[in-house]
Amino acid sequence: MLIVMEQSATAQQIQSVVRVIEASGWVARPIPGGERVSIGVLNNKGPVDPAAFLGLPGVKDAIPVTRPYKLVSRELKSENTTIRVGPVTIGDGSLTLIAGPCAIESEERALEIARQVADAGAHLFRGGAYKPRTSPYTFQGLGEKGLEILAKVRLETGLPVITEVMDDETFDLVEAYTDIIQIGTRNMQNFSLLRRAGRATKPVMLKRGMSATLDEWLMAAEYILQGGNTQVILCERGVRTFVQHSRNTLDLSALPVVRKESHLPIFVDPSHAAGRRHQVIPLSRAAVAANADGLMVEVHTEPEKALSDGAQSLYPHQFRQLCRQARAISDVLKVVVDTP
Ligand code: PEP
Ligand code: MN
């Protein structure tokens, strides 16, 4: 249930609605909007009777929420969520470009790549310090040393950084260093990690599980919002299918559906979807045309020597092309499409 308050509702009237909700044993979540406050009713096991609220002073409407997810849904918040990260605003209709290596390999390498992607027009730098690898015998990331390098990259280039958190034990450390906390495809339904992310003070990028339905993905995001962190970015990164010509299949049909269902910004990672370099630019163009809020792309100065995901990493000159093409498509969309 969403209680919509009148534009003229006073703070006292809002408080008394909150008290009525709490008296029934439910949780009240006030949601400030551009023009009026709405109050979400959470933790109700069965349906809520709108009549209990419609007569209260300051209440304009009581709307049943039909979706299993509430806080992430447009039913509860119709305006798009925007997220500020340093000088960057995500989700405001502009296109945000994130680029960098799969993993932080050394300070020199990270700085070299960061300077190149910054020069090409990237807004944020990516790089894993803790890597979820299929084999325990492959490079696992530099850990805390990698986080220190990320902080240096931010200092040197001015780019905010994003890196993946893999477990509860390292969460505090990752949160302290990074500007955006990434939760990877393999952890999308790690519920204790999602709960911890709900208490984080930094924005979280939640990648789609490689075999997750949209409902499962949005419910995972709901955990984070329910914990109190409303700064969540979704990222489509491809799902497992039968095809063998790419690592995963980029599910661009998820974009219009998520856009309709949720107010959260949505990004696309064409690199992990493709697994092969030559597919990354075409998939990026398609993602921008499908109205993605941003792209996250792997770039390496010597991909043949990369310690992980070299085959899908773009050379810096290719990332430059990608930026030019992505921006051109985004500019066209601003002119010809009425974005919701
Ligand atoms: C990554 O972005 O570094 C990564 C491991 O991605 P995913 O979780 O989508 O596989
Ligand atoms: Mn990777």
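These notes cover the structure that comes with them.

Criteria and thresholds
Residues numbered from 1 in each chain as written. Chains lettered and ligands numbered in written order. Predicted model: local features only at pLDDT ≥ 70, side-chain atom pairs only at ≥ 80, totals over all residues. Heavy atoms only, no water. Salt bridge = Lys/Arg side-chain N within 4 Å of Asp/Glu carboxyl O. Helix = DSSP H or I, 4+ residues; strand = E, 2+ residues; numbered from the N terminus. Buried < 20%, exposed > 50% of the residue type's maximum accessible area, 1.4 Å probe, protein only. Contact = heavy atoms within 4.5 Å. Phe/Tyr/Trp six-rings, centres within 6.5 Å; stacked < 30°, edge-to-face > 60°. Near = heavy atom within 4 Å. Polar contact = N/O pair within 3.5 Å; in protein donor to acceptor, adjacent residues only side chain to side chain. Areas by Shrake-Rupley, 256 points an atom, 1.4 Å probe, with all protein chains shown as cover. Nonpolar A, V, L, I, M, F, W, Y, C, P; charged D, E, K, R; others polar. Axes fitted to C-alpha atoms, helices over the stretch in contact; angles between N-to-C directions. Parallel < 35°, antiparallel > 145°, perpendicular 65-115°, else oblique. Left-handed = near helix turned anticlockwise from the far one by under 90°.

A separate point is the pattern of salt bridges. Following the criterion strictly, the structure yields 19 salt bridges and no others. The residue R196 makes a salt bridge to E175 at a minimum N-O spacing of 2.7 Å. One end of the pair, R196, is in helix α6 (residues 191-198); the other, E175, is in helix α5 (residues 171-177), with 21 residues separating them in the sequence. Comparing R196 with E175 shows no difference in burial state: the two are buried. By sharing partners, the salt bridges in this structure join R67, E75, K260 and E261 into a single network.

Mapped onto the elements of the fold, L2 is located in strand β1 (residues 2-5). In the structure, L2 is positioned 124 residues away from R126 in sequence and 37 Å away in space, judged by C-alpha atoms. The residues touching L2, leaving out its near neighbours within four places in the chain, are I31, S38, I39, G40, D61, A62, I63, V65, E75 and L76.

This part covers the packing of aromatic side chains. Applying the stated criterion across every chain yields a total of one aromatic pair. When the ring of F191 is compared with that of Y223, the centres are 4.8 Å apart and the planes differ by 35°; the resulting orientation is tilted. Separated by 32 residues along the polypeptide, F191 in helix α6 and Y223 in helix α7 (residues 214-226) bring together distant segments of the chain. Owing to a relative accessible area of 32%, F191 belongs among the partly exposed residues under this scheme. Its relative accessible area of 27% is what places Y223 among the partly exposed residues.

Right, let's get into the site of ligand 1. Surrounding ligand 1, one finds R126, K131, E164, Q182, G184, T185, R186, K207, R237 and H272. One of the backbone N or O atoms of T185 is found 2.8 Å from an oxygen atom in ligand 1. Taking 290 Å² as the accessible area of ligand 1 by itself, protein coverage stands at 97%. Here the shell around ligand 1 is composed, by residue class, of no nonpolar, four polar and six charged.

At a minimum axis separation of 11 Å, α7 and helix α8 (residues 254-261) run at an interaxial angle of 45°. In terms of orientation, α7 and α8 fall into the oblique class. The two elements α7 and α8 meet at a crossing, and its hand is right-handed. On α8, the residues touching L214, W217 and L218 of α7 are A254, V257, V258 and E261.

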